[in-house]
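# An overview of the molecular structure
Spelled out, the chains give:
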Amino acid sequence: MSLPVILSLGKAYMDERNKYYANQQNQKDRSRKIAGLRKLADVTPAEREYEKRRRDIIEKGDPLINKAGSEAIQTTRQQGQFNRIRSQGQAIQQGLENSIVAQELRRKVDKDVLRSVAEQARKMALANAQAKRRAEGELEQFEMMKDDRARKIDAQITGLPKIPEYDRYGALARIGMSAGDAYMNMQQSGSPEDEWIDYDG
């Protein structure tokens, strides 16, 4: 085999080798970029907590409203109990403990307490209904935002340039053609015989 053919084969092989590794690196870079983009579409811990709070409000009501309402009802009941005890004390002092007047006073206190508790519960229910509607709207906006973000990321991924697989058979053909071209050029230029290498000695 002649020296020019050997050199041509070596150069063609190194060129193809470099193309192969460059192709592999490009494939890896593209895969990493896609993985990074897909990670951007993932829901963050803060977003999961935001979504959970809205779903909890829709299901159970606003915890702040529930707490404030429960405290108001408890205060009303405690005040009613205090008023009942006070009216009973006054009736005892006046010797009217078992009288119709004392009974009416107790009934009035109880009725006032029930009315106040019912009003507090009504206000709490209305406030929770508004909070639930607000949470539903916020959750709907949140879902739309997630969908929009996912669509944009999918579009970015689709827009990434495709990296074709390395063509091994094409590489062998190119190496062979390079050697053939070198041999033809040697024949046409009439290279001296000492450019041939005799492997048989």
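In what follows, the structure referred to is the one given above.
## Quick notes on the side chain of R54
One can find R54 in helix α2 (residues 45–60). Contacts of R54, omitting those with residues within four sequence positions, involve A135, E138 and L139.

## Some details on the nonpolar core
I57, I65, I73, V109, V113, V117, M124, A131 and A135 together form the largest nonpolar core, which totals nine residues. Listing elements by their share of this core, those giving two or more residues are α3 (63–93) and α4 (100–159). Element by element, the count of residues in this core is highest for α4, at six residues. When residues no more than four places from it in sequence are discounted, the contact partners of I73 are V117, Q120, A121 and M124. Ranked by size, the runner-up nonpolar core spans five residues in total, among them I34, L37, I157 and L160.

## Focus: the side chain of D62
Within the secondary structure layout, D62 lies in the loop between α2 and α3. For the buried D62, no salt bridge is present, and the opposite-charge side chain at shortest range is R134, 4.9 Å distant. Separated by 2.8 Å, the side chain of D62 and the backbone nitrogen of L64 make a polar contact. Beyond its immediate stretch of four places on either side in the chain, D62 contacts I57, N128 and A131.

## Here we look at the packing of aromatic side chains
Taken as a whole and assessed by the stated rule, the structure comprises two aromatic pairs. Relative to Y21, the ring of Y20 has its centre 5.3 Å away and its plane inclined at 70 degrees; by these criteria the two rings are edge-to-face. Look at Y21 and you get partly exposed, because its relative accessible area is 48%. Relative to F142, the ring of Y50 has its centre 5.5 Å away and its plane inclined at 50 degrees; by these criteria the two rings are tilted. Note that Y50 is positioned in helix α2 and F142 in helix α4, a separation of 92 residues in sequence.

## Notes on the pattern of salt bridges
Tallied over the full model, the rule gives 14 salt bridges. Linking E47 and R149 is a salt bridge whose minimum nitrogen-to-oxygen distance equals 2.9 Å. Here R149 lies in helix α4 and E47 lies in helix α2, a separation of 102 residues in the sequence. Put simply, K52 and D56 hold a salt bridge, and the shortest N to O gap is 2.9 Å. With K52 and D56 both in helix α2 and four residues apart, this pair spans about one turn of that helix.

Cut-offs and rules
Residues numbered from 1 in each chain as written. Predicted model: local features only at pLDDT ≥ 70, side-chain atom pairs only at ≥ 80, totals over all residues. Heavy atoms only, no water. Helix = DSSP H or I, 4+ residues; strand = E, 2+ residues; numbered from the N terminus. Contact = heavy atoms within 4.5 Å. Core = buried A, V, L, I, M, F, W, Y, C linked by side-chain atoms within 4.5 Å. Buried < 20%, exposed > 50% of the residue type's maximum accessible area, 1.4 Å probe, protein only. Lys, Arg positive; Asp, Glu negative; His and termini not counted. Salt bridge = Lys/Arg side-chain N within 4 Å of Asp/Glu carboxyl O. Polar contact = N/O pair within 3.5 Å; in protein donor to acceptor, adjacent residues only side chain to side chain. Phe/Tyr/Trp six-rings, centres within 6.5 Å; stacked < 30°, edge-to-face > 60°.

Geometry only, nothing functional implied.
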